[in-house]
Amino acid sequence: MNKIEHIGIAIKNMDEAIKNYEILLGTKCYKVEEVASEGVKTAFFKVGESKIELLEATNPESPIAKFILKRGTGMHHIAFDVTDISKEIERLEKEGYQLIQSSPKNGADNKLIAFLHPKSTEGVLVELCQERVQ
Ligand code: ZN
């Protein structure tokens with residue numbers, strides 16, 4: 001894996017959270033994007049080489065809505081940049097890690113993504129992501 005691509009934070013109110021993080025990080029949000037299939041609205045900030053992704057649920061069935069019900073707002077996942085996501089999924093499955101997706105799917109911010117089950121990774125939801133070729 002190449003680097004921490006972003007850290008995902010589950011939030012309740014996108015407008016308030018964007019304002020908060022713009023002041024905190026001293027930088028403007030560069031993209032707001034809804035991923036309808038996941039039931040989330042995302043907002044991205046650049047912090048040096050890494051990014052912060054704010055995640056707001058767009059419906060009560062959204063994984064983010066469920067996460068907030070259980071654990072409140074806060075850190076949701078860590079995303080690692082990988083060069084070849086399919087190879088990485090294959091490698092990790094062979095090593096016995098439990099993947100939530102066994103093939104990559106389209107994520108926000110022009111990425112192919114796959115999640116590992118937190119059971120496999122000491123309680124942390126891990127996302128693999130690869131820049132999608134346009
Ligand atoms: Zn993410």
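Since the structure is predicted, the reported quantities are computational estimates derived from the model, not experimental observations.

1. A look at the sheet that holds strand β3 (residues 40–47)
(1) Moving on: The strand order across the open sheet formed by eight strands is β2-β3-β4-β1-β5-β8-β7-β6, and the pairing between neighbours is mixed. Only two strands of the sheet have a single partner each, and these edge strands are β2 (31–35) and β6 (105–107). Neighbour-to-neighbour, the strand axes of this sheet turn through a mean angle of 35°, independent of strand direction.
(2) Moving on: In this structure, strand β1 (residues 3–11) lies alongside strand β4 (residues 50–57), joined through six bridges in parallel fashion. If you follow isoleucine 7 over to β4, its bridge partner there is isoleucine 52.
(3) Moving on: Seen against the sheet, helix α3 (residues 85–94) touches β7 (111–116) and β8 (126–131) and runs at an angle of roughly 150° to β8.

2. Let's talk about the layout of surface pockets
(1) Moving on: Counted as a void, the largest pocket has a volume near 680 Å³.
(2) Moving on: Pro63, Ile64, His76, Phe115 and Leu125 are, among the 31 residues lining the largest pocket, the residues nearest its centre.
(3) Moving on: Among the secondary structure elements, those contributing two or more residues to the lining of the largest pocket are β3, β4, α2 (63–71), β5 (74–81), β6 and β7.
(4) Moving on: Looking at the lining of the largest pocket, the element that brings in the most residues is α2, giving six residues.
(5) Moving on: Across the lining of the largest pocket, the residue classes break down as 15 nonpolar, seven polar and nine charged.

3. Here's the deal with the coordination of the zinc ion
(1) Moving on: Looking at the metal site, the zinc ion is ligated by His6 (NE2), Glu53 (OE), His77 (NE2) and Glu127 (OE), spaced 2.0 to 2.2 Å from it.
(2) Moving on: Angles of 83 to 169° at the metal separate the four donor atoms of the zinc ion, which places the site in the irregular class.

4. Quick look at the packing of aromatic side chains
Centre distance and the angle of the planes are the two values used to describe a pair of aromatic rings.
(1) Moving on: The final tally for this structure, using the stated rule, is two aromatic pairs.
(2) Moving on: Both rings, one in tyrosine 21 and one in phenylalanine 45, keep their centres 6.3 Å apart while their planes meet at 45°; by these two values the pair is tilted. One end of the pair, tyrosine 21, is in helix α1 (residues 14–25); the other, phenylalanine 45, is in strand β3, with 24 residues separating them in the sequence. Neither tyrosine 21 nor phenylalanine 45 differs from the other in exposure class; each is buried.
(3) Moving on: Aromatic pair tyrosine 30 and phenylalanine 44: ring centres 6.2 Å apart, planes at 45°, arrangement tilted. With tyrosine 30 in the loop between α1 and β2 and phenylalanine 44 in strand β3, the pair connects residues that are 14 residues apart, well separated along the chain.
(4) Moving on: Assessed through its relative accessible area of 31%, tyrosine 30 is described here as partly exposed.
(5) Moving on: Take phenylalanine 44: its relative accessible area is 1%, and that puts it in the buried class.
(6) Moving on: Positioned above the aromatic ring of tyrosine 30, the side-chain terminus of lysine 46 is 4.1 Å from the ring centre.

5. A short note on the side chain of lysine 51
(1) Moving on: Mapped onto the secondary structure, lysine 51 falls in strand β4.
(2) Moving on: With a relative accessible area of 13%, lysine 51 lands in the buried category.
(3) Moving on: Polar side-chain contacts of lysine 51 include one of 3.1 Å to the side chain of aspartate 109.
(4) Moving on: The residues contacting lysine 51, other than those within four sequence positions of it, are Glu5, His6, Ile7, Tyr30, Phe44, Phe45, Lys46, Asp109 and Lys111.

6. Quick notes on the pairing of β1
(1) Moving on: The sheet contact formed by β1 and β5 spans seven bridges and is antiparallel. Its bridge partner being in β5, isoleucine 4 is matched across the sheet by phenylalanine 80.

Rules used throughout
- The written sequence of each chain sets the order in which its residues are numbered from 1.
- Residue-level local features of this predicted model are given only where pLDDT is at least 70; pairs of side-chain atoms are given and counted only at 80 or more, and the full residue set underlies all totals for whole chains, interfaces and linings.
- No hydrogens and no water enter the side-chain calculation; it runs on all heavy atoms of the structure.
- At least two bridges found by DSSP between two strands are what make those strands a pair.
- Strands are runs of DSSP state E lasting at least two residues, helices are runs of H or I lasting at least four, and both sets are numbered from the N terminus onward.
- Every axis in this analysis is a line fitted to C-alpha atoms, fitted for helices over the stretch in contact. Angles between the N-to-C directions lie between 0 and 180 degrees.
- What makes two residues a contact is simply this: any of their non-hydrogen atoms within 4.5 Å.
- Using only the protein atoms, space was sampled on a 1 Å grid; points where a 1.4 Å probe fits but cannot get out form cavities, open sets with protein on both sides within 12 Å along at least five of seven lines form pockets, and lining residues are those with an atom within 4 Å of a point.
- Grid points are joined across faces, edges and corners, and a volume is the space filled by probe spheres set on the points.
- As a working rule, the residues Ala, Val, Leu, Ile, Met, Phe, Trp, Tyr, Cys and Pro are called nonpolar, Asp, Glu, Lys and Arg charged, and the rest polar, with Gly in that last group.
- Each metal's donors comprise the N, O and S atoms found within 2.8 Å of it (within 3.2 Å for Na, K or Ca). Water is not part of the atom list, so some coordination spheres may appear incomplete.
- Irregular is the label for any site that misses the other tests, which are tetrahedral for four donors with all angles between 85 and 135 degrees, and square planar for four donors or octahedral for six when opposite donors exceed 155 degrees and the remaining angles lie between 65 and 115.
- Side-chain rings of Phe, Tyr and Trp (the six-membered ring for Trp) are treated as a pair once their centres are within 6.5 Å; stacked means planes under 30 degrees apart, edge-to-face means over 60, and tilted covers the remaining angles.
- Relative accessibility decides the category of a residue: with a 1.4 Å probe and only protein chains considered, values under 20% of the type maximum give buried, values over 50% give exposed, and everything between is partly exposed.
- By definition, being over a ring means that NZ of Lys or CZ of Arg is both within 6 Å of the ring centre and within 35 degrees of the ring normal.
- Throughout this description, a polar contact denotes any pair of N or O atoms lying within 3.5 Å of each other; where both atoms belong to protein, one of them has to be capable of donating a hydrogen while the other can accept it, and for residues adjacent in sequence the pair is counted only when both atoms sit in side chains.

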